[in-house]
Amino acid sequence: MFIATLIAEGLTSGQLEAARDRLASAGCAPGSWRWLDAGFAADLPFDAQPDAARAALEDAVAGADVIVQVEAHRAKKLLVADMDSTMITVECIDELADYAGIKPQIAEVTERAMRGELDFAEALDARVALLKGLAETAIDQCLEERVRLMPGAEALVKTMRARGAHTILVSGGFTRFAEPVGKQIGFDRRIANVLEIDGGKLTGTVTRPIVDSSTKETTLLGAMAELGLAPEQTMAVGDGANDLAMIRKAGLGVAYHAKPIVAAAAGARIDHGDLTALLYAQGIARADWVVA
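Definitions and cut-offs
- Residues numbered from 1 in each chain as written.
- Predicted model: local features only at pLDDT ≥ 70, side-chain atom pairs only at ≥ 80, totals over all residues.
- Heavy atoms only, no water.
- Helix = DSSP H or I, 4+ residues; strand = E, 2+ residues; numbered from the N terminus.
- Rg over C-alpha atoms; globule rule 2.2 N^0.38 Å.
- Contact = heavy atoms within 4.5 Å.
- Areas by Shrake-Rupley, 256 points an atom, 1.4 Å probe, with all protein chains shown as cover.
- Lys, Arg positive; Asp, Glu negative; His and termini not counted.
- Charge placed at Lys NZ, Arg CZ, Asp CG, Glu CD.
- Salt bridge = Lys/Arg side-chain N within 4 Å of Asp/Glu carboxyl O.
- Buried < 20%, exposed > 50% of the residue type's maximum accessible area, 1.4 Å probe, protein only.
- Phe/Tyr/Trp six-rings, centres within 6.5 Å; stacked < 30°, edge-to-face > 60°.
- Lys NZ or Arg CZ within 6 Å of the ring centre and 35° of its normal.
- Pairing = 2+ DSSP bridges.
- Axes fitted to C-alpha atoms, helices over the stretch in contact; angles between N-to-C directions.
- Core = buried A, V, L, I, M, F, W, Y, C linked by side-chain atoms within 4.5 Å.

**Quick look at the overall build of the chain**
Next, step 1: Counting secondary structure elements, the chain contains twelve helices and twelve strands.
Next, step 2: Relative to the globule expectation of 19 Å for 292 residues, the C-alpha radius of gyration of the chain, 20 Å, shows essentially globular dimensions.
Next, step 3: Projected onto its principal axes, the C-alpha coordinates of the chain cover approximately 65 × 35 × 30 Å.
Next, step 4: Look at the contacts in the chain between residues 6 or more apart in sequence, and 66% of them connect residues 24 or more apart.
Next, step 5: For the chain, the computed accessible surface area is about 11800 Å², with 50% contributed by carbon and sulfur atoms.
Next, step 6: Taking the average location of the 29 positive side-chain charges in the chain and that of its 41 negative ones, the two points are 2 Å from each other.

Right, dumping it as structure tokens:
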């Protein structure tokens, strides 16, 4: 049995009936749809052809996100998530560069790296080198003034943890941001790069080894082994090319408002809603979210 979850503000029963008809026409043998939260999210169970179902539903409702998956194990036991532009609304290195007066130069490289056009480690080294001499105090200033949580981040992580899931934040960014952000959101573990500092100023280098795509993949696989989980019990979410490896290995790999290369490769996409869409994807209604 498969499940398709449609998520959109203002979702109507008429739209869901039309979506069910699309599944029937595609040979997916749908059952009756049911609300998760009336007007916001609903499930459509079906018996066959998940790829055809995804294609049939992706444009069925304007502004809706659609997640298609096997119904068993839809409630995940492991979440591995990117930080920048996924759990927070900004790219920290770009914002930090603004305090050095070089944001345009660094942001252009960040964008190309996230699109998969540059080697991640080389691009990180090049950008960090440009920050050499920046006062360490700029990090805390940036954290206070620029870094904001992505809508739904706390609800997603805290709800999953309350239901027994293990959660890991793994970032190609920096520990000075990932540690406070990860603690605030509620992650069990936080992994990121270490900016090297000497005499109160950035040295323009990061500690080896660099946290990159392979780190994210091995973190996911290592946690699966440690916890004794099957792939279908796991979720990975990110937006950039360095998230692709973990997204491909997770049971539910999610491209979140992602770069085209990631959106094209991921098994699921969130293009419109916030991170609470990933609670609906797990069959968790709003009344059961942990929001405090």
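Let's pick the thread back up.
**As for the pattern of salt bridges**
Next, step 1: In total, this model carries 23 salt bridges according to the counting rule given.
Next, step 2: Linking Arg-161 and Asp-188 is a salt bridge whose minimum nitrogen-to-oxygen distance equals 3.0 Å. Of the two residues, Arg-161 sits in helix α7 (residues 153-162) while Asp-188 sits in the loop between α8 (175-185) and β7 (189-193), which places them 27 residues apart along the sequence.
Next, step 3: Exposure remark for Asp-188: the relative accessible area of 28% places this residue in the partly exposed category.
Next, step 4: Several salt bridges share partner residues, and in doing so they unite Glu-111, Arg-112, Arg-115, Glu-117, Asp-239 and Lys-259 into one network.

**A look at the packing of aromatic side chains**
Ring pairs (aromatic) are described by centroid distance and by the angle formed between their planes.
Next, step 1: Counted by the stated rule, this structure contains three aromatic pairs.
Next, step 2: Ring geometry for Phe-2 and Phe-46: centres 5.4 Å apart, planes at 20 degrees, overall stacked. With Phe-2 in strand β1 (residues 2-7) and Phe-46 in strand β3 (residues 41-46), the pair connects residues that are 44 residues apart, well separated along the chain.
Next, step 3: When the centroid spacing of 5.3 Å and the interplanar angle of 85 degrees are considered together, the rings of Trp-33 and Trp-35 count as edge-to-face.
Next, step 4: Owing to a relative accessible area of 33%, Trp-35 belongs among the partly exposed residues under this scheme.
Next, step 5: For Arg-286, the ring lying beneath its charged end belongs to Phe-40, and the centroid distance is 4.9 Å.

**Details of the sheet that holds β3**
Next, step 1: Pairing is antiparallel across the open sheet formed by four strands, whose spatial order is β2-β3-β1-β4. Two strands bound the open sheet, and with one partner strand each, they are β2 (34-37) and β4 (65-70). Here the average twist between neighbouring strands, direction ignored, is 25 degrees.
Next, step 2: As paired strands, β1 and β3 are joined by six bridges and run antiparallel to one another. The partner of Ile-3 across the bridge, within β3, is Pro-45.
Next, step 3: Relative to β3, helix α1 (residues 13-25) is tilted by about 25 degrees, and along the sheet it contacts β1, β2 and β3.

**Looking at the nonpolar core**
Next, step 1: One finds Met-87, Leu-96, Leu-131, Phe-177 and Leu-278 to be the most contacted residues of the largest nonpolar core, which totals 62 residues.
Next, step 2: At five residues, α7 tops the list of elements feeding residues into this core.
Next, step 3: In this structure, Phe-2, Leu-6, Ala-19 and Leu-23 belong to the second largest nonpolar core, which totals 19 residues.

In short, geometric facts, not functional conclusions.
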